[in-house]
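Here are the chains, one letter per residue:
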Amino acid sequence: DNNNGGLLDNITVNVSSTLPVTFTNFSAQKAGAGVAIKWTVAEVNNHDYFSIERSTDGIHFTEINRNNENINGQSSRSFSINDNNLPAAAVLYYRIKQCDLGGACKYTEVKTVRFDEKNKFILSPVPANNTVNIVYTNSNAKSVEIRITDQQGRELLKETTNVTPGRNNIQL
């Protein structure tokens, strides 16, 4: 009799768990006045969605885009989005949250995109008709004068506005 008071001598537990995706590439880079976010995954199983998240402090992230595309069973897949609605910040942080069909989620590493170039501006669209968008990056709070002229040098618009340190989005 091998009765040990109700205790078992050997317990064998087999756990088989496959991660829904394997990230093979993830990048976030400045692209014009926005940020291009690209990622590639392999070995897709039990995948539900990707949530692209952005932060201005590297701690508190907000979802800016969600991809619910069914890619289960695919061996490799590449994705890209452009984040063109950027907050005023000198540095932005990006990560991707991947969730499986059971609700379990994992995160990529955090990518950093710097916009801390001093006194730099990007104007769009060019040529402009009625509206001009200016993305102005600077190092301190101050008042700036914006002057728009035509090809002959005639002043079409003159405006003064206050800007903050980092990235400023100005629409005229």
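Residues numbered from 1 in each chain as written. Predicted model: local features only at pLDDT ≥ 70, side-chain atom pairs only at ≥ 80, totals over all residues. Heavy atoms only, no water.

**Digging into the sheet that holds strand E5 (residues 76-83)**
Now for step 1: The strand order across the open sheet formed by 3 strands is E1-E2-E5, and the pairing between neighbours is antiparallel. With one partner strand each, in any of the chains shown, strand E1 (22-31) and E5 form the two edges of the open sheet. Direction aside, neighbouring strands of the sheet carry axes that sit 10° apart on average. (Pairing = 2+ DSSP bridges. Helix = DSSP H or I, 4+ residues; strand = E, 2+ residues; numbered from the N terminus. Axes fitted to C-alpha atoms, helices over the stretch in contact; angles between N-to-C directions.)

**Looking at the packing of aromatic side chains**
Now for step 1: Scanning the entire structure with this criterion turns up 4 aromatic pairs.
Now for step 2: Aromatic pair Trp39 and Phe50: ring centres 5.6 Å apart, planes at 70°, arrangement edge-to-face. With Trp39 in strand E2 (residues 34-42) and Phe50 in strand E3 (residues 47-55), this residue pair connects regions lying 11 residues apart in the sequence.
Now for step 3: Residue class for Phe50 comes out buried when judged on its relative accessible area of 0%.
Now for step 4: Centroid distance Trp39 to Phe79: 5.2 Å. Interplanar angle 15°. Geometry classified as stacked. Of the two residues, Trp39 sits in strand E2 while Phe79 sits in strand E5, which places them 40 residues apart along the sequence. Each member of the pair, Trp39 as well as Phe79, carries the same accessibility label: buried.
Now for step 5: Following the ring pairs from residue to residue traces out a cluster consisting of Phe23, Trp39, Phe50 and Phe79.
Now for step 6: The ring of Tyr49 is capped by Arg66, whose NZ or CZ atom sits 3.8 Å from the centre of that ring.
Now for step 7: Over the face of the ring belonging to Phe61 we find Arg95, whose NZ or CZ atom lies 4.0 Å from the ring centre. (Phe/Tyr/Trp six-rings, centres within 6.5 Å; stacked < 30°, edge-to-face > 60°. Buried < 20%, exposed > 50% of the residue type's maximum accessible area, 1.4 Å probe, protein only. Lys NZ or Arg CZ within 6 Å of the ring centre and 35° of its normal.)

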